[in-house]
Amino acid sequence: MLADPSVKYRPFPQVDLPDRQWPGRTITQPPIWLSTDMRDGNQSLIDPMNAEKKQRFFELLCKVGVKEIEVGFPSAGATEFDFISGLVKNGLIPDDVTVQVLTQARADLIATTFESLRGAKTAIVHVYNAVSPAWRRIVFGMERSEVRDIAINAAKLLRDHAAAQPDTDWRFEYSPETFSTAELDFSLECCEAVMDILQPTPEKPLILNLPATVEAATPNIYADQIEWMCRSISRRDSVIISLHPHNDRGTGVAAAELGLMAGADRIEGCLFGNGERTGNCDIVTVGLNLYTQGIHPGLDFSDIDEVIQTVEYCNQLPVHPRHPYAGELVFTAFSGSHQDAIKKGFAAQEARNDQLWDVPYLPIDPADLGRNYEAVIRVNSQSGKGGVAWVLQQDKGLKLPKRMQADFSRVVQDMADQTSRELNAADIWDAFQSHYRLTEGQPVRLIDYQETGPAGDRIFVGKVMMNGEERSISGRGNGLISSILAALREELGVDLEVVDYSEHAIGAGTDVNAAAYVECKTADGKNIFGVGTDADVATASVQAVVSAANAVLAARQ
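Below is a short write-up of the structure. (Residues numbered from 1 in each chain as written. Predicted model: local features only at pLDDT ≥ 70, side-chain atom pairs only at ≥ 80, totals over all residues. Heavy atoms only, no water.)

1. Structural notes on the pattern of salt bridges
Here is step 1: Counted by the stated rule, this structure contains 33 salt bridges.
Here is step 2: A salt bridge links Asp457 to Arg476; the nearest nitrogen and oxygen atoms lie 3.0 Å apart. Within this pair, whereas Asp457 is found in the loop between strand S9 (444-452) and strand S10 (458-466), its partner Arg476 is found in strand S11 (residues 469-477), the two being separated by 19 residues in sequence.
Here is step 3: On the basis of relative accessible area, Asp457 is assigned to the partly exposed category, the value being 30%.
Here is step 4: Here the salt bridges share partners, and the residues they tie into one network are Glu68, Arg171, Glu173, Arg266 and Glu268. (Salt bridge = Lys/Arg side-chain N within 4 Å of Asp/Glu carboxyl O. Helix = DSSP H or I, 4+ residues; strand = E, 2+ residues; numbered from the N terminus. Buried < 20%, exposed > 50% of the residue type's maximum accessible area, 1.4 Å probe, protein only.)

2. Comments concerning helix H6 (residues 144-164)
Here is step 1: With 21 residues, H6 should reach 30 Å at 1.5 Å per residue; the first-to-last C-alpha distance of 31 Å fits that figure.
Here is step 2: Residues of H6 that are buried include every one of Val147, Ala151, Ile152, Ala154, Ala155, Leu158 and Ala162, and no others. With its buried residues spanning 160° around the axis, H6 presents them on a single face. Projecting away from the buried face of H6 at angles above 90 degrees are the exposed residues Ala163 and Ala164. (Expected span 1.5 Å × (residues − 1). Arc of directions from axis to C-beta.)

3. Some remarks on the sheet that holds S10
Here is step 1: Strand order in the open sheet formed by three strands is S9-S10-S11, and the pairing between neighbours is antiparallel. The two strands at the open ends of the sheet, each matched to only one other strand, are S9 and S11. Looking at each pair of strands side by side, their axes are set apart by 20° on average, direction ignored.
Here is step 2: Strand direction decides the pairing type here: S9 and S10, joined by eight bridges, are antiparallel. Looking across to S10, one finds that Tyr449 is bridged to Gly462.
Here is step 3: Packed onto the sheet, helix H16 (residues 480-492) meets S9, S10 and S11 and runs at close to 125° relative to S11.
Here is step 4: On the sheet, helix H17 (residues 537-556) packs against S9 and S10 and is oriented at approximately 135° with respect to S9. (Pairing = 2+ DSSP bridges. Axes fitted to C-alpha atoms, helices over the stretch in contact; angles between N-to-C directions. Contact = heavy atoms within 4.5 Å.)

4. Examining the layout of surface pockets
Here is step 1: Estimated volume of the largest pocket: approximately 440 Å³.
Here is step 2: What lines the largest pocket is a set of 21 residues, among which Arg39, Gln43, Glu177, Thr213 and His246 lie closest to the centre.
Here is step 3: Contributing elements (two or more residues each) for the lining of the largest pocket: helix H1 (37-43), strand S4 (122-130), strand S5 (169-177) and strand S6 (206-212).
Here is step 4: No other element matches the three residues that H1 contributes to the lining of the largest pocket.
Here is step 5: The class makeup of the residues in the lining of the largest pocket is seven nonpolar, nine polar and five charged. (1 Å grid on protein atoms, 1.4 Å probe; cavity = no way out; pocket = protein on both sides within 12 Å on 5 of 7 lines; lining within 4 Å. Points joined across faces, edges and corners; volume = space filled by probe spheres on them. Nonpolar A, V, L, I, M, F, W, Y, C, P; charged D, E, K, R; others polar.)

5. What about helix H3 (residues 78-89)?
Here is step 1: Between the first and last C-alpha of H3 there are 16 Å, a value that for twelve residues agrees with the 16 Å anticipated at 1.5 Å per step.
Here is step 2: When H3 is considered as a whole, its buried residues turn out to be Glu80, Phe83, Ile84, Ser85, Gly86, Leu87 and Val88.
Here is step 3: Summarising the contacts, the buried residues of H3 are in contact with H1, helix H2 (51-64), strand S2 (68-72), strand S3 (98-104) and helix H4 (107-116).
Here is step 4: In the segment just after H3, Gly91 is the residue with positive phi, at about 65°.

6. Topic: a nonpolar patch on the surface
Here is step 1: Taken together, the side chains of Trp135, Ile138, Val139 and Phe140 present a nonpolar region at the surface, about 390 Å² in accessible area.
Here is step 2: Along the chain, Val139 turns up in helix H5 (residues 133-140). (Patch = residues over 30% accessible without salt bridge, like charges linked within 9 Å, V, L, I, M, F, W, Y side chains within 5 Å. Areas by Shrake-Rupley, 256 points an atom, 1.4 Å probe, with all protein chains shown as cover.)

7. Examining unusual backbone geometry
Here is step 1: At Gln199, a position not held by glycine, the phi torsion is positive, near 50°.
Here is step 2: The residue Gln316 is not glycine, and still its phi comes out positive at about 55°.
Here is step 3: Here Gln316 is to be found in the loop between helix H11 (304-315) and helix H12 (336-351).

8. A word on empty space enclosed by the protein
Here is step 1: Summed over all chains, the structure comprises two cavities of 30 Å³ or more.
Here is step 2: Roughly 80 Å³ of volume is contained in the largest cavity.
Here is step 3: Along the wall of the largest cavity there are 13 residues; nearest its centre are Ser180, Ala216, Ala217, Tyr222 and Gln225.
Here is step 4: It is helix H8 (residues 219-232) that contributes the most residues to the lining of the largest cavity, four residues altogether.
Here is step 5: Split by residue class, the lining of the largest cavity holds nine nonpolar, three polar and one charged.
Here is step 6: In this structure, the second largest cavity encloses a volume near 40 Å³.
Here is step 7: Every residue along the wall of the second largest cavity is listed here: Pro401, Arg403, Met404, Asp500, Ser502, Tyr517, Val518, Glu519 and Phe529.
Here is step 8: Mapped by element, the contributors of at least two residues to the lining of the second largest cavity are helix H14 (402-419), strand S12 (496-506) and strand S13 (513-522).
Here is step 9: Ranked by residues supplied to the lining of the second largest cavity, first place goes to S13 with three residues.

9. Concerning the packing of aromatic side chains
Here is step 1: Considering all chains together, one arrives at eight aromatic pairs under this definition.
Here is step 2: Each ring, one from Phe408 and one from Tyr436, has its centre 6.1 Å from the other, and the planes form 45°; the classification is tilted. On the criterion of sequence distance, the pair formed by Phe408 in helix H14 and Tyr436 in the loop between helix H15 (425-435) and S9 is long-range, its members being 28 residues apart. With respect to class, Phe408 is no different from Tyr436; both count as buried.
Here is step 3: With a centroid separation of 5.6 Å and an interplanar angle of 15°, the aromatic rings of Trp429 and Phe432 are classed as stacked. Highlighted residues: Trp429 and Phe432, both in helix H15, separated by three residues, approximately one helical turn.
Here is step 4: Look at Phe432 and you get buried, because its relative accessible area is 0%.
Here is step 5: Of the aromatic side chains, those joined through ring pairs into one cluster are Phe408, Trp429, Phe432 and Tyr436.
Here is step 6: Looking at Lys53, its charged tip hangs above the ring of Tyr313, at a distance of 5.2 Å from the centre. (Phe/Tyr/Trp six-rings, centres within 6.5 Å; stacked < 30°, edge-to-face > 60°. Lys NZ or Arg CZ within 6 Å of the ring centre and 35° of its normal.)

10. Quick word on the side chain of Ser238
Here is step 1: The topology assignment puts Ser238 in the loop between H8 and strand S7 (239-245).
Here is step 2: The class of Ser238 is buried, set by a relative accessible area of 4%.
Here is step 3: Ignoring sequence-local partners within four residues, the contact set of Ser238 consists of Pro200, Thr201, Pro202, Pro205 and Leu206.

What follows is the structure, encoded as C-alpha cells:
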C-alpha cells in the first residue's frame with residue numbers, strides 16, 4: 001500500500017444539495033422489488049445456471065413473492081433466448097408476475113430481445129448505455145452528444161418494436177449505466193431525452209434505473225444523487241425511480257435504504273446479494289430490515305432455509321454463516337454474557353401480555369423465518385452458565401437453579417477447554433449425567449422406597465444398591481427430605497444439610513415428568529448439588545438427595 005494514497009486516489013466529490021430532505025425521512029412502505037438473480041447474478045457465476053436451475057430459481061422467486069423478475073439477457077446466446085422464450089410459450093409466467101429482460105443499446109440486440117418475448121402478456125424491456133466520463137473517454141472515445149444519441153436511438157427502437165407487437169403490454173426501463181460516477185446533469189439529460197421519445201404517463205410510467213454500477217462513495221452521496229434526480233426530473237409522476245446498488249464498498253444495503261428515503265420507488269437486487277465483483281444489493285436483508293421496523297416487505301421469507309438451499313444449489317455458492325438473517329450462525333450466541341441476556345430475554349418475552357418483540361441481541365424472532373430456538377445458544381470455551389442452562393432447558397426441559405448453573409458450567413468450561421471445540425447438546429447431557437451421577441458411577445443407587453408415619457413424624461425406608469449389594473436403609477424426620485437425610489447419615493455416614501430445594505414439571509399436560517434439585521452443605525462446609533427426575537415428584541426429590549449423597553461418597557473413593 002502507498003504511504004500517501006492521495007497521490008493515486010481522489011475523494012469522491014460531494015453533491016451540491018444544501019437543502020437535502022432525505023435525512024429527515026422514514027421509510028414507511030416497501031419498494032417495488034426487481035430480482036436480477038437470473039441475469040446480473042447469473043452472469044457473475046463461475047458456472048452460469050442451466051435451464052433446469054434457472055427454472056427452479058424462477059419458481060422460488062415467484063413463491064417468495066417477487067413480482068418483477070429480470071429473467072435474462074436474451075441476445076447473449078441460445079441458452080438465454082430459449083429459456084426466456086420457453087417461459088412465454090409454455091405459459092410458465094404467473095399472471096401477477098412481470099418478466100424483464102436486458103439489452104444493450106444496439107439495433108440487432110434489441111430486435112432479438114423483442115423476439116424472445118413474442119406472445120408475452122406483459123414484459124419490461126430494459127435498455128442501457130454507459131454515460132460516465134471514464135466510459136466516454138476510455139471505452140467509447142465519444143463526446144456527450146454522441147452518448148446521448150445512443151440512448152435516443154435505443155428509445156426509438158423500443159418504441160417501434162413495441163408497436164410491431166401490440167398484443168403485449170410493453171413497459172420500458174432505461175439505465176444511464178455508471179450513473180453513480182457520472183455527472184448528474186448529463187444523466188438527467190439522457191433520461192429526459194429518452195422520456196421525450198417514449199412519452200411516459202402516470203398510467204404507463206417509464207422506469208428510470210439509476211445504478212451504482214461501481215460503488216465509489218459513501219451511501220449518503222448516493223442518496224444525494226437520487227434526491228437530486230427525483231427533484232430535477234421533469235415528469236416525476238410519469239417515472240418510477242429504480243435503484244441498482246452494487247456492493248463494492250460493502251454498503252449496498254445502506255445505499256438502497258438511503259435511496260428509498262431520497263425518493264426512489266424500486267430496488268433491483270439479488271437474494272443474498274450475489275452479483276458481479278462484491279455483489280448486488282441484497283434484497284433479503286433490505287426486506288427483513290423493513291420487517292423488523294414493522295413494515296411487511298411483501299416478500300415471504302418464512303422458510304428462510306428453503307430459500308437458502310435453492311439459492312445455494314442454483315448459484316453453487318454458499319450463503320455465509322454470518323450473513324444477516326440467513327446465516328447459520330446469525331441467531332447463535334457463544335459469549336457467556338450474550339447467552340445470559342438472550343436467556344433472560346426469552347423468559348421476559350414469555351411473560352409479556354403483548355406480541356412486541358424485545359429480546360437482547362436478536363433483532364428478529366427466528367421463528368418468523370422458520371428457525372427454531374434450539375441453536376440460538378451454542379456452547380464453547382467462551383460460553384457462560386446461562387448458555388449451558390439454555391441448552392439443557394431446550395434439549396431436556398431442565399431449568400437449573402442459578403447456583404447449580406454456575407456449578408455445572410465449570411464442568412462444561414473444563415471440557416470445552418480440553419476439547420477446543422464447540423460442545424453439542426449430547427456432549428452437555430453426557431457431562432451432566434456423569435457429574436451428577438445419574439447413570440454410571442453411582443456409589444448408591446435407589447431401587448425403591450416407602451414413606452410412612454403421621455405428618456411431622458415421617459419414616460423413610462429405602463432399598464438401595466451399594467457396592468454391588470442390595471441393602472435397606474431407614475431414617476426418621478418431619479418430612480420426606482429430612483427422613484432420607486437421616487437415613488443417609490445414620491446408615492451410610494453421609495451428613496448433609498439442605499440449603500435449597502426446587503422442583504418443576506418437565507413439559508405440559510397430563511403425561512409429564514418432574515425434576516427436583518437440591519443444594520446441600522456437607523459437614524465440612526462444602527456445597528454440593530443433586531438432581532432427580534421421575535414421573536412422581538416425591539421420587540424425583542428422593543433421587544435428587546441420593547444424587548447429592550453420591551457426590552460425597554464418590555469423593556471418598
